[in-house]
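Here is what each chain is made of, one letter per residue.
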Amino acid sequence: MTRPLRATIDLPALRGNFAVARQRASDANLWAVIKANAYGHGLLRVAETLEDLADGFALLDLDDAVALREAGFRQPLLLLEGFFEADELPLYAAYGLTPVVHTLEQVEMLAGAALPARLPVYIKLNTGMNRLGLSAEEFHPALTALQTTSCVAAITLMTHFADADQERGIEWQMAGFEESTRGCDDPVSLANSAALLRFPVTCRGWARPGIMLYGSSPFPQDESAESLGLRPVMTLSSRLITVQELDAGDRVGYGGTFTADRPMRIGVVACGYADGYPRHAPSGTPMLVEGRRTRTVGRVSMDMITVDLEGIPDAGIGSPVVLWGEGLPVDEVAAAAGTVSYELLCALTPRVPIIEKA
Ligand SMILES: *Cc1c(COP(=O)(O)O)cnc(C)c1O
């Protein structure tokens, strides 16, 4: 037996989740967001699986966009942070890539470029997230400059929501967007997964769903992925590699952060933080052993995690374990670990073998 840890990627579930996005977004076009190695699921794998469904792919790295073109993908590719230096622009032109333009410096770089082809561009307005985007004052001069720049083709107006999954919602940002873009008839791109699901008004032009495609809820505290019709795409599974019998008072793992209050059986799972499981997941983080829900005990170590076998008397060496995915939503593991599913999925490390479920 080789080390039993696996990440199984359920390709039909990915397609099914895309269909949910398609149905909820009415007639908006859909970028499938595949940044960060498609949220840990594999850039090319996800692009191939969604090739006939997505209207385009949104990502971050120029190298990844070039790799997609070299692999034969012909649909629009949106680079979410745009270009960083003017010397990247010839590659944008050669490969027909769409940059997000979010600074005046980028506008100037475009104005100064001599390119063999015109680029479609997204111009991004900062409506209150205060991360990327032109200010309301910068927006109109930048738009005018882009409209008169010879190497710029179609322009799309974009913003990004900070609170689409929260109480505060999107109206406060929509007001600023409407005000700054009044009179413009260019297409728009607004919605991430949370906005797409909660605010149909944002599903105009080109929506940008990411996390929902991977089967996770953008607002797990309010609605589970399952209730949204989303299925887990990644299942991280392993097996018990040994079992320990503890007496009351025995402690487990580095630092002995968990102490048995009675005789206990615990299992040792082949998975640790070097595989991407969060080290900060405390004792009590949910896990499935033999399909039964139990909890971690003690600290997560580099290659192993210890798990309570109370109530699972048949569990022994070789028993199957699910760390997240089918039967145990990654959103629940993330909540127990004080983080979000995005972080867990992206953190999967290259040493974990991937199995595709077709
Ligand atoms: C990551 C990202 C998205 C997708 O967000 P999800 O919450 O994963 O749906 C959309 N737009 C931009 C600009 C992003 O950076």
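Residues numbered from 1 in each chain as written. Predicted model: local features only at pLDDT ≥ 70, side-chain atom pairs only at ≥ 80, totals over all residues. Heavy atoms only, no water.

*Asks:* Can you help me understand the sheet that holds strand β7 (residues 152-158) in this one?
*Replies:* Whenever strands of a sheet pair, they do so through backbone hydrogen bonds, lying parallel or antiparallel. Taken in spatial order, the 8 strands of this open sheet run β8-β7-β6-β5-β4-β3-β2-β9, and their pairing is parallel. The sheet is open, and its two borders are formed by β8 (188-189) and β9 (206-207), each paired with just one other strand. In this sheet, strand β5 (residues 98-101) lies alongside strand β4 (residues 77-79) in parallel orientation, the contact comprising 2 bridges. Across the sheet, the residue bridging to L78 is T98, located in β5. Contacting β5, β6 (119-124) and β7, helix α7 (residues 136-147) crosses the sheet at an angle of about 155° to β7. (Pairing = 2+ DSSP bridges. Helix = DSSP H or I, 4+ residues; strand = E, 2+ residues; numbered from the N terminus. Contact = heavy atoms within 4.5 Å. Axes fitted to C-alpha atoms, helices over the stretch in contact; angles between N-to-C directions.)

*Asks:* Would you mind going over the site of the ligand with me for this structure?
*Replies:* Inspection of the region around the ligand gives 14 residues, with K35, Y39, S193, I211 and Y342 positioned closest. Contact between the ligand and H160: a nitrogen atom at 3.5 Å from a side-chain N or O atom of the residue. Interatomic distance of 2.5 Å between a side-chain N/O atom of S193 and an oxygen atom of the ligand. Expressed as a share of its isolated accessible area of 390 Å², the protein-covered part of the ligand is 92%. (Near = heavy atom within 4 Å. Polar contact = N/O pair within 3.5 Å; in protein donor to acceptor, adjacent residues only side chain to side chain. Areas by Shrake-Rupley, 256 points an atom, 1.4 Å probe, with all protein chains shown as cover.)

*Asks:* In this structure, what is going on with the pattern of salt bridges? I would like to understand it.
*Replies:* Here the idea is simple: oppositely charged side chains can pair when their charged atoms come close. Summed over the entire model, instances satisfying the criterion amount to 16 salt bridges. R351 is paired through a salt bridge with D275; the nearest N and O atoms lie 2.5 Å apart. One end of the pair, R351, is in the loop between α11 (341-346) and β18 (354-357); the other, D275, is in the loop between β13 (264-270) and β14 (286-289), with 76 residues separating them in the sequence. Residue R351 is classed as partly exposed on the basis of its relative accessible area, which comes to 40%. The partner of D303 in a salt bridge is R351, with the nearest N and O atoms 2.8 Å apart. Of this pair, D303 sits in the loop between β15 (292-295) and β16 (304-308) while R351 sits in the loop between α11 and β18, and the two are 48 residues apart along the sequence. Judged by relative accessible area, D303 falls into the partly exposed class, the value being 28%. One network of salt bridges, with partners in common, ties together R3, D275, D303 and R351. (Salt bridge = Lys/Arg side-chain N within 4 Å of Asp/Glu carboxyl O. Buried < 20%, exposed > 50% of the residue type's maximum accessible area, 1.4 Å probe, protein only.)

*Asks:* How should I be thinking about the nonpolar core in this particular structure?
*Replies:* A general tendency of soluble globular proteins is for nonpolar side chains to be buried together. Grouped together as the largest cluster of nonpolar side chains are 115 residues, with contacts concentrated most on I34, L110, L196, Y277 and L323. Viewed by domain, this core spans two of them, domain 1 (26-208) and domain 2 (234-357), each represented by three or more residues. In this view, L323 contacts L5, L236, S237, S238, V269, C271, Y277, P286, M287, I305, L328 and V333; residues no more than four positions away in its chain are not counted. (Core = buried A, V, L, I, M, F, W, Y, C linked by side-chain atoms within 4.5 Å. Domains from an automatic or database assignment.)

*Asks:* How should the environment of L228 be read in this particular structure?
*Replies:* For L228, the location among the structural elements is in the loop between β9 and β10 (234-246). Each residue touching L228, except ones within four places of it in the same chain, is listed here: V20, R24, L197, S217, P218, F219 and E223.

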